[in-house]
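This is what each chain is made of:
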Amino acid sequence: MLNYTIRRLFMAVPTLIFISIVIFLLLELAPGDPMAQVPLTVPAEVKQKMREALGLGEPAPIRYWKWLTQIFWVEPLHLFDSLFGTNFSDGYQRAISWQTRSPIFDIIAQRIPQTLWVVGVAYVVAIVIAIPVGVYSAYRQYSLFDNVGTFVTMIGFSVPPFFSGVLVIVIFSVWLGWFPSIYDTTLRVTDWDSFLAQLRQMVMPVMVLALQITSQISRFMRASMLDNLNLDYVRTARAKGVSEPTVILVHVLRNSMIPVATVIALGIPSIFGGAIITEQVFKVNGIGQLLIGSIEANDLPMVQTLTFIFAVLIVLFNLIADIIYGILDPRIRYE
Amino acid sequence: MPDGAQPILDVRDLKTVFLTRGGEVHAVNDVSFDLRPGELLGVVGESGSGKSVTMMSLIGLLPMPPAEIRSGRAIFDGLDLLQADDDTLRAIRGARIGFVFQDPMTSLNPVFTVGFQLMEPLRKHMGMSKAQARARAAELLDLVGIPDAAARLKDYPHQFSGGMRQRVMIAIALACDPQVLIADEPTTALDVTIQAQIIELVKDLRRKLGMAIVWITHDLGVIAGIADRVMVMYGGQVVEQAPVRELFSDPQHPYTRALLQTVPSLRGKRAERLRVIEGQPPVLGAPPAACPFRPRCGHALERCGRENPRRLAVRPGHEVACFWDPASGGERHA
């Protein structure tokens, strides 16, 4: 297993290099001008100088190489410096956002907590709800619970967050006035009151996201349970006189979790990707909003870097999903 | 074998129905049989004749719904299994009645070790500690002829061959010293040499442990070698029941006779072709009003279309449900 993991990590390197080239070239080919937002009163030759100052005058391969070294060499050095107080990164130019002129990774570090709080909590809530719901729906297939569950998950599946988000704002903020409609990033949790305020402002975005994620995972869980419930080994377990909860929660669940765990692991990168729409609706200034803002402002280094980070996470969690698969299913041997 | 002893399992007039979208399917119709301690009862019939459903009905292994037990009683050691609640049945299953199923490749849980699966009934029914259960599990694997038993407890089912897995299944079924072992086509999914090994193993275990066995199969050859008594099922009912020698030497029911002719013989003249029984076994949408075998029967009489024959004893211990008499070639007169 360890061998397999190390081999997979090495194999990920060419994959990621290829992805980085694709991302860079795609954005290179995309139309747009980072100076488009600069007022028209600024003369064209000044704008040209500004473009050159951003490094745009250089040929694409050189810019690609610079971006790559900044991300893989300068930023890790800088991180090391800030952790241990060393000066290895002195004299190196960090990756800079064109829009804000501040280092990309500093901005990401500012935005990540909001995304993790909202999207991460939604994901955990969704898993905690979805697994029992899926298990029980399958165990009592076509019961009232299952039918209601199917109906709700269909809604959760098909209603997009830009609709459900606005709907819950109308219901809970406008009509009932229970929760604030805008997520306040400046809120510092220092005591019980501010903690409560933080919870209150998280409820709606978490609700909207969790509905969608719960729908997906509970459907998967239900289908996987149903696949297993009629298999021979379940009859064997019953023939042994094992109690019904043990049959379902030990024998069947363990088998059913194999595909579901993979789905859950593969969904985790999307947490970091942020729920772009939901963050927009509730004004959570997380990673998703950062990406949208950067695309609109033609902030190429920021878009490239964010996209690349998502790619890294997807590759990483693919590997993690495979490893979980191997742990849950003894028939899979990665040797 | 002990004859005339009090039966350990006494089933009377069992009726099991499946409620399907297309209506009711009468899978088991008035099946009655008994099983004496230490006896091996063979149950023979085609697929869909109700052999497995009969046995599963007794012990609550049929999913209900769609299955429904309409009537009957099944006295096991003084207790009517058909009236017993789930907890009582659960305490009997795996402890006093053991099961071995057809396909050893799928009957074991793939994600748990063989040791875990073998220790489960021991801990549940015998209240053993983990260490005790592990020691007993190793003994059991050894008993069913798995070499290096203690070490193999840590292995997963996919690390065993088909025959070895069936041995594990037998070990699980015998874990708590059951009085009755129900083996549902235990050798059907195995190749012939492994089949012979498993049959030898069961014969041997029966000598050592003395439990009664119900052996369900569609293979008369297997039955001939191991059974004391044979029950032939067709269309959800018992058409003939007799001691094994008598069934082979003097089959009464046309279906039994036809079945015997489908078995290839190594001795004697080589038949041109193996005989087949033309047609399909029935799917009964209603309790049969006529003999269910009539459409495929070469000896059907006019009466067979009017009423379903009851079982009649032609000799003590030999019962048949048929109006046709092979001795006279005409209608049987009781």
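What counts as what
Residues numbered from 1 in each chain as written. Chains lettered and ligands numbered in written order. Predicted model: local features only at pLDDT ≥ 70, side-chain atom pairs only at ≥ 80, totals over all residues. Helix = DSSP H or I, 4+ residues; strand = E, 2+ residues; numbered from the N terminus. Rg over C-alpha atoms; globule rule 2.2 N^0.38 Å. Buried ≥ 20, exposed ≤ 12 C-beta atoms within 10 Å, placed from the backbone. pLDDT = per-residue confidence, 0-100. Expected span 1.5 Å × (residues − 1). Contact = placed C-beta atoms within 7 Å. Nonpolar A, V, L, I, M, F, W, Y, C, P; charged D, E, K, R; others polar. Pairing = 2+ DSSP bridges. Axes fitted to C-alpha atoms, helices over the stretch in contact; angles between N-to-C directions. Parallel < 35°, antiparallel > 145°, perpendicular 65-115°, else oblique. Left-handed = near helix turned anticlockwise from the far one by under 90°.

A few points about the overall build of chain B
- When its secondary structure is counted, chain B shows 11 helices and 12 strands.
- The C-alpha atoms of chain B give 21 Å as radius of gyration, which agrees with the globular expectation for 334 residues (20 Å, within 12%).
- Taking the principal axes of its C-alpha atoms as reference, chain B extends roughly 65 × 50 × 40 Å.
- Burial statistics for chain B: of 334 residues in total, 46% are counted as buried.

Structural notes on the confidence of the model for chain A
- Summarising the model, chain A shows a mean pLDDT of 86, and 99% of its residues fall at 70 or more.
- Within chain A, helix α5 (residues 144–158) of chain A carries the highest mean pLDDT (91), whereas helix α2 (residues 44–53) of chain A carries the lowest (83).

Here's the deal with helix α12 (residues 300–328) of chain A
Residue and element names in this part refer to chain A.
- Taking 1.5 Å per residue as the helical rise, α12 with its 29 residues ought to reach 42 Å, and the 42 Å between its terminal C-alpha atoms agrees with that figure.
- When α12 is considered as a whole, its buried residues turn out to be Leu300, Pro301, Met302, Val303, Gln304, Thr305, Leu306, Thr307 and Phe317.
- Buried positions along α12 lie against α1 (2–29), α3 (60–84), α4 (104–139), α9 (244–273) and α11 (287–296).

Thoughts on unusual backbone geometry
All names here are of chain A.
- We note that lysine 283 has phi near 55 degrees; this positive angle belongs to a residue other than glycine.
- Tracing the backbone through its elements, the reader meets lysine 283 in the loop between α10 (276–282) and α11.
- A positive phi angle, near 55 degrees, is found at asparagine 298, a position not held by glycine.
- Inspection of the secondary structure assignment puts asparagine 298 in the loop between α11 and α12.
- Here asparagine 298 falls in the partly exposed class, since 19 other C-beta atoms lie within 10 Å of it.

A closer look at the interface of chain A and chain B
- In this complex, chain A contributes 19 residues to the contact, which on the side of chain B involves 22 residues.
- At the level of secondary structure, the elements contributing two or more residues to the side of chain A that touches chain B comprise α8 (232–239) and α9 of chain A.
- Among the elements that take part in the side of chain A that touches chain B, α8(A) stands out by supplying 7 residues, more than any other.
- Here the residues of the side of chain A that touches chain B sort into 7 nonpolar, 5 polar and 7 charged.

A word on the sheet that holds strand β2 (residues 23–35) of chain B
Residues and elements named next belong to chain B.
- Pairing is antiparallel in the open sheet, where 4 strands are placed in the order β2-β1-β4-β5. Both outer strands of the open sheet, β2 and β5 (79–80), are each paired with one neighbouring strand and no more.
- Here strand β1 (residues 9–20) runs beside β2; their pairing, made up of 9 bridges, is antiparallel. Its bridge partner lying in β2, leucine 19 is registered against glutamate 24.

Focus: the sheet that holds strand β6 (residues 97–100) of chain B
Residues and elements named next belong to chain B.
- Spatially, the 8 strands line up as an open sheet ordered β6-β7-β8-β3-β9-β10-β12-β11, and their pairing is mixed. Two strands close off the open sheet at either side, each with one partner strand: β6 and β11 (312–315). If you compare each strand with its neighbour and ignore which way they point, the axes differ by 20 degrees on average.
- Bridge count for strand β7 (residues 180–184) against strand β8 (residues 212–217) is 5 bridges, and the pairing is parallel. Bridge pairing in β8 places isoleucine 182 opposite valine 214.

Re the packing of α8(A) against α9(A)
Residues and elements named next belong to chain A.
- Following both chains from N to C, one finds α8 and α9 inclined at 140 degrees, their axes separated by 10 Å at the closest point. Taken together, the axes of α8 and α9 are oblique relative to one another. Every pair of crossing elements has a handedness; the one defined by α8 and α9 is right-handed. Seen from α8, the contacting residues are Tyr233, Val234, Ala237 and Arg238; seen from α9, they are Val247, His251 and Val252.
- Taken together, the residues of the contact of α8 with α9 sort by class into 5 nonpolar, 1 polar and 1 charged.

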